[in-house]
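# A structural walkthrough
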Amino acid sequence: MGISLSYQDKIAVVDLGDDENRFSPDFLDQLDSYLDEIVAGGAHGLVTTAGGKFYTNGLDLDWLSAHGEQTQWYVGRVQGLLARMLTLPIPTAAAVVGHAFGAGAMLALAHDFRVMRADRGYFCFPEVDIRIPFTPGMAALIQAKLTPQAAVASMTTGRRFGGTDAEAHGLVDAMAPEGAVTDAAVELLRPLDGKDAGTLGAIKQTMFAPAVQALTAPQSG
């Protein structure tokens, strides 16, 4: 199953799929299209979730290895999505129902809030172990959302954080049992109904201006 969109009252729920939900160009196009629809339709919030073992495993390395000449374009495309989620003019929450790795964990961090399954699943930046340094934009995103201690603990170690560990380090805001993660994320957003989109969007643009600038800067290399 691919990406799908549903609503709980006026809160949009985007299901990223039931496989590894990697960021193929088609996946990115579909997610961007849904974001267009959600914002234009006046939704009061957005929850992203998934239907399988993974929330998302991030970059589509198979696609990248087959299209190496498009690496610059692809990284820029992914970073554009992260910047958009970071500044989306409605409240957002990631329901991390399974593993969130690499750029998938960055997508979760780009939301306003995160709820993680308490008993299974890992939140992990494996870059140090797979020998892929963070881009300036990706590092800026993570450091905009985490304390310096949590950034060091997650970015330099490759550590796999379970739910309790992730909450203790501020990687996620809350935990929920299996089957309740998405509903918990929706409930987290319900009290924020009716925020003015123009004002909220402007606040986020100001809050995260350095990260957005780093994410949207032209790719080099």
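Quick caveat, the model's predicted, so the values are computed rather than measured. (Residues numbered from 1 in each chain as written. Predicted model: local features only at pLDDT ≥ 70, side-chain atom pairs only at ≥ 80, totals over all residues. Heavy atoms only, no water.)

## Considering the overall build of the chain
The secondary structure content of the chain amounts to eleven helices and ten strands. If you line up the chain on its principal axes, its C-alpha atoms span 45 × 35 × 35 Å. Split into buried and exposed, the 221 residues of the chain put 51% on the buried side. For the chain, the share of sequence-separated contacts (at least 6 apart) that also reach a separation of at least 24 residues comes to 74%. Within the chain, the 25 negative side-chain charges are centred at a point lying 5 Å from the centre of the 15 positive side-chain charges. (Helix = DSSP H or I, 4+ residues; strand = E, 2+ residues; numbered from the N terminus. Buried < 20%, exposed > 50% of the residue type's maximum accessible area, 1.4 Å probe, protein only. Contact = heavy atoms within 4.5 Å. Lys, Arg positive; Asp, Glu negative; His and termini not counted. Charge placed at Lys NZ, Arg CZ, Asp CG, Glu CD.)

## Regarding the side chain of K145
Residue placement: K145 occurs in helix α6 (residues 136-145). Here K145 occupies a buried position and makes no salt bridge, while the nearest side chain of opposite charge, D112, is found at 5.0 Å. Residues in contact with K145, not counting those within four places in the same chain, are L86, L109, A110, H111, D112, R114 and F208. (Salt bridge = Lys/Arg side-chain N within 4 Å of Asp/Glu carboxyl O.)

## Observations concerning the UniProt feature "transmembrane region" (unreviewed entry) in the chain
On the UniProt side, "transmembrane region" (unreviewed entry) is annotated at positions that read residues 90-110 here. Between the end C-alpha atoms of residues 90-110 there is a gap of 13 Å, over a span that is 38% helix and 38% strand. (UniProt positions renumbered as here; feature names shortened; annotations may be inferred.)

## Quick word on the pairing of strand β7 (residues 113-117)
Of all five residues that make up β7, four are buried, and the element is covered over most of its length. One ladder, built from four bridges, connects strand β5 (residues 92-96) with β7; its direction is parallel. For A93, the partnering residue across the bridge sits in β7 and is F113. (Pairing = 2+ DSSP bridges.)

## Some points on the side chain of Q79
Along the chain, Q79 turns up in helix α3 (residues 71-86). Excluding anything up to four places from it in sequence, Q79 contacts T135, G137, M138, A214, L215 and Q219.

## Some remarks on the sheet that holds strand β4 (residues 54-56)
The pairing of strands in a sheet comes from backbone hydrogen bonds and takes either a parallel or an antiparallel form. Taken in spatial order, the four strands line up as β4-β6-β8-β9 in an open sheet, and their pairing is mixed. The sheet is open, and its two borders are formed by β4 and β9 (160-161), each paired with just one other strand. By the bridge criterion, two bridges tie strand β6 (residues 99-101) to strand β8 (residues 123-124) in an arrangement that is parallel. Bridge pairing in β8 links F101 to C124.

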